[in-house]
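Chain residues, written in single-letter form:
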Amino acid sequence: MTLTVDDVMNKLERMGTEQTKGTLIRHGAKEPFFGVRVGDLKKLVKDVKKNQDVARALYATGNSDAMYLAGLTVNPKTATKELLQEWVKQAYWYMIAEYTVAGVAAESPYAVELAREWIESPDEQIATCGWSTYANYISITPDERLDMDEIGSLLRRIETGIHEERNRVRYNMNNFVIVAGAYVAQLHEEAVRIASKIGKVHVNVGETACKVPLASDYIDKIVRMGRVGNKKKTCIC
């Protein structure tokens, strides 16, 4: 059976809980939405993927649950630049910007082009999406296809400017250092040096239990696991 947008929205409404809704509101989600856990959203992925028009229409609803599901179901290889530009403008909180849009953009044909543009945006949400997009791209892309000079330049930019950046941009710059140190063997030592230099990064996470990882500790953990340079198959999750 082919699901319509209304079918999916009805399913999402039934899957939502007040507890999850309250948690997501503390993180930045806004009404209208239902409060569906990501694990439950994934139960709908297989059926929604069958109709890419529905998958794309879900994002346009502005409902956070539907927007996240869109990111799990849209085929990134067929995502147009125009679609991704529209998505990033509508990504009003970090979970949609840094996970949904960044994940799809990173696996699209326009990953680096859009990441470069978004990183320079005066809009904090778009800029943080840019850093997340580039980091995700690094995590899934073979080293021989990466622009090491450009990534090195971004790392040095983080080294000198992270603590003066905007709130969520700081978070994703810190994550960029971790990703470079964990997924690119050639840049590991440079990332370790910069991680040590920047130290603890302070991010206002509101009334949540979220913590900002210490980049040097996180990279060291990857080293102990023997996983430096191991790429991910996908960054959409």
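- The name given to the protein in an unreviewed UniProt entry is DNA alkylation repair protein, with the source organism recorded as Cohnella cholangitidis.

**Regarding the overall build of the protein**
Right, on to step 1. Within the protein one finds 14 helices and 0 strands.
Right, on to step 2. Traced from its N-terminal end to its C-terminal end, the protein shows the element sequence α-α-α-α-α-α-α-α-α-α-α-α-α-α.
Right, on to step 3. Scaling as 2.2 N^0.38, a compact globule of 237 residues should have a C-alpha radius of gyration of about 18 Å, and the protein matches this with 18 Å.
Right, on to step 4. Summarising its shape, the C-alpha atoms of the protein cover approximately 50 × 40 × 35 Å along the three principal directions.
Right, on to step 5. Taken across its 237 residues, the protein has 51% of its residues classed as buried.
Right, on to step 6. Intrachain contacts of the protein at a sequence separation of at least 6 include 71% that bridge at least 24 residues.
Right, on to step 7. Working note: accessible area of the protein is about 11500 Å², and carbon and sulfur atoms make up 49% of it.

**Overview of the nonpolar core**
Right, on to step 1. Formed by 42 residues in total, the largest nonpolar core has its most connected members in Leu12, Val48, Leu58, Leu69, Val101 and Trp118.
Right, on to step 2. Within the residue set of this core, elements represented by two or more residues are helix H1 (5-15), helix H4 (45-48), helix H5 (52-60), helix H6 (64-73), helix H7 (81-90), helix H8 (94-106), helix H9 (111-119) and helix H10 (124-140).
Right, on to step 3. Considering each element in turn, this core owes the most residues, 8 residues, to H8.
Right, on to step 4. Those residues in contact with Leu58 that sit more than four places away from it in its chain are Val5, Val8, Met9, Val48, Ala66, Met67, Leu69 and Ala70.

**Some points on the environment of Val228**
Right, on to step 1. Here Val228 shows up in the segment after helix H14 (215-224).
Right, on to step 2. Since its relative accessible area comes to 27%, Val228 is described here as partly exposed.
Right, on to step 3. The sequence separation of Val228 and Gly181 amounts to 47 residues, and the corresponding C-alpha distance is 7.4 Å.
Right, on to step 4. Look past the residues within four positions of Val228 in its chain and what remains in contact with it is Gly181, Ala182, Ala185, His188, Ile222 and Val223.

**Digging into the pattern of salt bridges**
Right, on to step 1. Counted by the stated rule, this structure contains 14 salt bridges.
Right, on to step 2. Across the salt bridge formed by Glu98 and Arg168, the nearest N and O atoms sit 2.8 Å from each other. Here Glu98, found in helix H8, pairs with Arg168, found in helix H12 (residues 167-183); they are 70 residues apart in sequence, far enough to count as distant. Each member of the pair, Glu98 together with Arg168, is buried.
Right, on to step 3. Here Lys197 ties to Glu159 by a salt bridge, and the two come within 3.2 Å at their closest N and O atoms. Of this pair, Lys197 sits in helix H13 (residues 188-198) while Glu159 sits in helix H11 (residues 148-161), placing them 38 residues apart in sequence.
Right, on to step 4. Judged by relative accessible area, which is 55%, Lys197 ranks as exposed.
Right, on to step 5. Taken together, the shared-partner salt bridges in this structure form one network comprising Glu159, Glu190, Arg193 and Lys197.

Rules used throughout
- Residues numbered from 1 in each chain as written.
- Predicted model: local features only at pLDDT ≥ 70, side-chain atom pairs only at ≥ 80, totals over all residues.
- Heavy atoms only, no water.
- Helix = DSSP H or I, 4+ residues; strand = E, 2+ residues; numbered from the N terminus.
- Rg over C-alpha atoms; globule rule 2.2 N^0.38 Å.
- Buried < 20%, exposed > 50% of the residue type's maximum accessible area, 1.4 Å probe, protein only.
- Contact = heavy atoms within 4.5 Å.
- Areas by Shrake-Rupley, 256 points an atom, 1.4 Å probe, with all protein chains shown as cover.
- Core = buried A, V, L, I, M, F, W, Y, C linked by side-chain atoms within 4.5 Å.
- Salt bridge = Lys/Arg side-chain N within 4 Å of Asp/Glu carboxyl O.

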